[in-house]
Amino acid sequence: MAGQTYLLQLSANAQTLQVTIAGVVYQLTIQWRDGGDCGWVLDIADVNSNPIVQGIPLVTGVNLLQQYAYLGIGGELWVATTGEPAAVPTYDNLGSAANLYLVIP
């Protein structure tokens, strides 16, 4: 992760927050999806709640926005888990041991 890094304050429940990247306000919605290999997922919308991309799994070790570079969002989102860096966030540890970081180049 290179650039200015910000910890997004999350908790282990469904939530929506707004972030500003390169002067554009985005709405991030994070929710837990049960069943099979599901878990925490992220939806990104504009400030008026118009969907931009939905259902991004919160996995560690990759820039969650890399595959959506064509959308021009301009930042990076990374998930990191303390203790076990490659462990995906569990239902209970989001916002404590598992965190979401916004990186702005």
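Look above for the structure.
Treat the numbers as computed from the prediction; the structure is a model and nothing was measured.

Time to look at the sheet that holds strand β2 (residues 15–21). Ordered in space as β2-β3-β4-β5, the four strands form an open sheet in which the pairing is antiparallel. Each edge of the sheet is formed by a strand with only one pairing partner; in this case those strands are β2 and β5 (51–57). Strand after strand, the sheet turns through a mean of 20 degrees between neighbouring axes, direction not considered. By the bridge criterion, four bridges tie strand β4 (residues 40–46) to β5 in an arrangement that is antiparallel. Each residue of the ladder has a partner; that of Leu42, found in β5, is Ile56.

This part is about the nonpolar core. Ranked by internal contacts, the top residues of the largest apolar core, which has 23 residues, are Ile30 and Ile44. For this core, the secondary structure elements donating two or more residues are β2, β3 (24–32), β4, β5, β6 (76–81) and β7 (98–104). Setting aside residues up to four positions removed in sequence, Ile44 forms contacts with Tyr26, Gln27, Leu28, Pro51, Ile52, Val53, Ile56, Leu65 and Ile73.

Right, let's talk about the sheet that holds β7 for a bit. In spatial order, the strands read β1-β7-β6; together these three strands make up an open sheet with antiparallel pairing. Looking along the sheet, the strands with just one partner apiece sit at the ends: β1 (4–8) and β6. This sheet shows a mean twist of 30 degrees between the axes of neighbouring strands, independent of strand direction. Relative to β7, β1 is paired through five bridges, and the arrangement is antiparallel. Each bridged residue has a counterpart across the sheet, and for Leu7 the counterpart in β7 is Tyr101.

Here we come to the side chain of Gln15. Tracing the backbone shows Gln15 in strand β2. Only 2.6 Å separates the side chain of Gln15 from the backbone oxygen of Ser11, close enough to count as a polar contact. For Gln15, the side chain forms a polar contact with the main-chain oxygen of Asn13, separated by 2.4 Å. Apart from residues lying up to four places away in sequence, Gln15 is in contact with Gln9, Leu10, Leu28, Thr29, Ile30 and Leu94.

Each value, and the rule that gives it
- Residues numbered from 1 in each chain as written.
- Predicted model: local features only at pLDDT ≥ 70, side-chain atom pairs only at ≥ 80, totals over all residues.
- Heavy atoms only, no water.
- Pairing = 2+ DSSP bridges.
- Helix = DSSP H or I, 4+ residues; strand = E, 2+ residues; numbered from the N terminus.
- Axes fitted to C-alpha atoms, helices over the stretch in contact; angles between N-to-C directions.
- Core = buried A, V, L, I, M, F, W, Y, C linked by side-chain atoms within 4.5 Å.
- Buried < 20%, exposed > 50% of the residue type's maximum accessible area, 1.4 Å probe, protein only.
- Contact = heavy atoms within 4.5 Å.
- Polar contact = N/O pair within 3.5 Å; in protein donor to acceptor, adjacent residues only side chain to side chain.

What is shown is where atoms sit, not what they do.
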